[in-house]
Amino acid sequence: MLTAVSLAHHIVGDWLHQNKFAYAHFPEIVDLATVMTGLGVLRSQIPFVNTSPPYWDSTLWTTFPRPFLDGQGMAYAMANAAWGRANKTPDWAVQLPSEIKRPMLKSLKHLFKTHDSFFHPNPPASRFDHTQSEWLQLADEKSISKQIIAIRHLQFDGHPDSPQAMLITERLRSHDRSIMLHAISATERMKAKNDVLIDELRMLLEHRDDEVRSKAVCSLARFSALDETAIHVAARMLDDQHRFVAYAGLVALASLDTIPAHVMPAANRGLIRALQTCDYELVGLFSAAFNRWLDDPKTHYENLLREDSPEYLEIALEVLENVREQLVGLNETATG
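Residues numbered from 1 in each chain as written. Predicted model: local features only at pLDDT ≥ 70, side-chain atom pairs only at ≥ 80, totals over all residues. Heavy atoms only, no water.

A. Quick look at the packing of aromatic side chains. The tally for this structure, following the rule as stated, stands at four aromatic pairs. Where Phe290 meets Tyr301, the ring centres are 5.7 Å apart and the plane angle is 85°; that geometry is what we call edge-to-face. Here Tyr301 lies in helix α15 (residues 297-305) and Phe290 lies in helix α14 (residues 280-293), a separation of eleven residues in the sequence. Taking the relative accessible area as the measure of exposure, Phe290 reaches 0% and is therefore buried. Connected via pairs of aromatic rings, a cluster forms that spans Phe286, Phe290, Trp293 and Tyr301. Here the basic side chain of Lys88 rests over the ring of Phe112, its NZ or CZ set 5.4 Å away from the ring centre. Positioned over the ring face of Phe223 is Arg222, at 4.6 Å from the centre of the ring. (Phe/Tyr/Trp six-rings, centres within 6.5 Å; stacked < 30°, edge-to-face > 60°. Helix = DSSP H or I, 4+ residues; strand = E, 2+ residues; numbered from the N terminus. Buried < 20%, exposed > 50% of the residue type's maximum accessible area, 1.4 Å probe, protein only. Lys NZ or Arg CZ within 6 Å of the ring centre and 35° of its normal.)

B. Seen up close, the nonpolar core. Core analysis: the largest hydrophobic core is formed by 74 residues, its most contacted members being Ile168, Leu226 and Phe286. At seven residues, helix α13 (residues 264-276) tops the list of elements feeding residues into this core. In this view, Leu226 contacts Val217, Leu220, Ala221, Ile231, Ala252, Ser255 and Leu256; residues no more than four positions away in its chain are not counted. Core analysis: the next-biggest nonpolar cluster, separate from the first, contains 17 residues, Ala77, Ala81, Ala82 and Trp83 among them. (Core = buried A, V, L, I, M, F, W, Y, C linked by side-chain atoms within 4.5 Å. Contact = heavy atoms within 4.5 Å.)

C. Summary view of the side chain of Asp70. Checked against the element boundaries, Asp70 lands in the loop between α2 (27-44) and α3 (71-84). There is a polar contact of 2.8 Å between the side chain of Asp70 and the backbone nitrogen of Gly73. (Polar contact = N/O pair within 3.5 Å; in protein donor to acceptor, adjacent residues only side chain to side chain.)

D. Focus on α13. For α13, which comprises 13 residues, the first-to-last C-alpha distance of 18 Å matches the rise-based estimate of 18 Å (1.5 Å per residue) to within 8%. Turning to α13, its buried residues are Met264, Ala266, Ala267, Asn268, Gly270, Leu271, Ile272, Ala274 and Leu275. Just downstream of α13 lies Cys278, where phi reads positive at about 60°. (Expected span 1.5 Å × (residues − 1).)

E. Region of interest: the environment of Trp293. Turning to its location among the elements, Trp293 is positioned in helix α14. Owing to a relative accessible area of 8%, Trp293 belongs among the buried residues under this scheme. Separated by 29 residues in the primary sequence, Trp293 and Met264 place their C-alpha atoms 9.8 Å from one another. A distance of 3.3 Å separates a polar atom in the side chain of Trp293 from the backbone oxygen of Leu253. Polar side-chain contacts of Trp293 include one of 3.3 Å to the backbone oxygen of Leu256.

F. Structural view of the environment of Leu250. By secondary structure assignment, the location of Leu250 is in helix α12 (residues 243-253). Placed 32 residues apart in sequence, Leu250 and Cys218 show a C-alpha to C-alpha distance of 9.2 Å. Once residues within four sequence positions are removed from consideration, Leu250 is found in contact with Leu238, Leu282, Leu285, Phe286, Ala289 and Trp293.

G. Region of the structure containing the packing of α14 against α15. At a minimum axis distance of 9 Å, the contact between α14 and α15 shows a crossing angle of 120°. By the angle between their directions, the pair α14 and α15 is classed as oblique. Contacts from Phe286, Ser287, Phe290 and Asn291 of α14 reach α15 at Pro297, His300 and Tyr301. The class makeup of the residues in the contact of α14 with α15 is four nonpolar, three polar and no charged. (Axes fitted to C-alpha atoms, helices over the stretch in contact; angles between N-to-C directions. Parallel < 35°, antiparallel > 145°, perpendicular 65-115°, else oblique. Nonpolar A, V, L, I, M, F, W, Y, C, P; charged D, E, K, R; others polar.)

H. Spatial organisation of unusual backbone geometry. With a phi close to 55°, His115 is a non-glycine residue in the positive phi region. Inspection of the secondary structure puts His115 in the loop between α4 (98-114) and α5 (132-138). Of note, the phi angle at Cys278 is positive, near 60°, even though the residue is not glycine. Assignment of secondary structure puts Cys278 in the loop between α13 and α14. Judged by relative accessible area, which is 48%, Cys278 ranks as partly exposed.

Shown next as structure tokens:
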């Protein structure tokens, strides 16, 4: 079975490369194309990714793609494949594993009911060749998928009252989570700070959804717009059990030159937790942050770790030194 799946994967990948498809180097996209060409049943039998990662930002998939389609993605892709062929009851569904079959049939029923998919079995020759006015019109469609695709293609100037900026302001208030997340992502493509959007992002810091809060605080940091409330929210995130929430809080706080004294205990706990779990990406980010916040981060590490966690002190100091050397190298390159 694995041999057949690998062969199908390579054939489809080669076909994408021959047609100069821009994302042919993404295994996830090759998986998707394999499903859409009718070879997905074989692929569905092989769980290349047994469990989904705890966090994946779908709004930035071109920057941080997943290695392969997960079960949910596989089910939805297969639903699109059947829907595109006007097949309400595909015979091959009985061959699917139950964890894929159930969500596939549910998605297929949804597609036939709503037709809410930007995918089209016979698309126009220039489906993405729209003017900004046309993308704005698509962003006002009822279809969630069309709204999301349109939001991803909006281009922003520095005018706060531009049609694009006003539309994103409205979408930040959307009741649909996916639209809201893509709207937050769109704010990061803006060329200038927009006070109205900043206020909307600050309101989202109290949203019940972890990913919405996380993306909102990172977007605020990008505009250097972390007020006292945002800093407090980011500090709380450092103690969150979900890694991506803690990561977002740290990214936001690391954008500051200094932090209030009440934030430092949470930062200390976060560093120790990252050392205990051997999460060296977070240890490195904490080290960069401490190096920015403190005049003498080495002494801070020694005071924090020498007595209660001496086994981590050497590792922490080594990471801190590496971070400082990288920063010196970057500064020399910039001034040279």
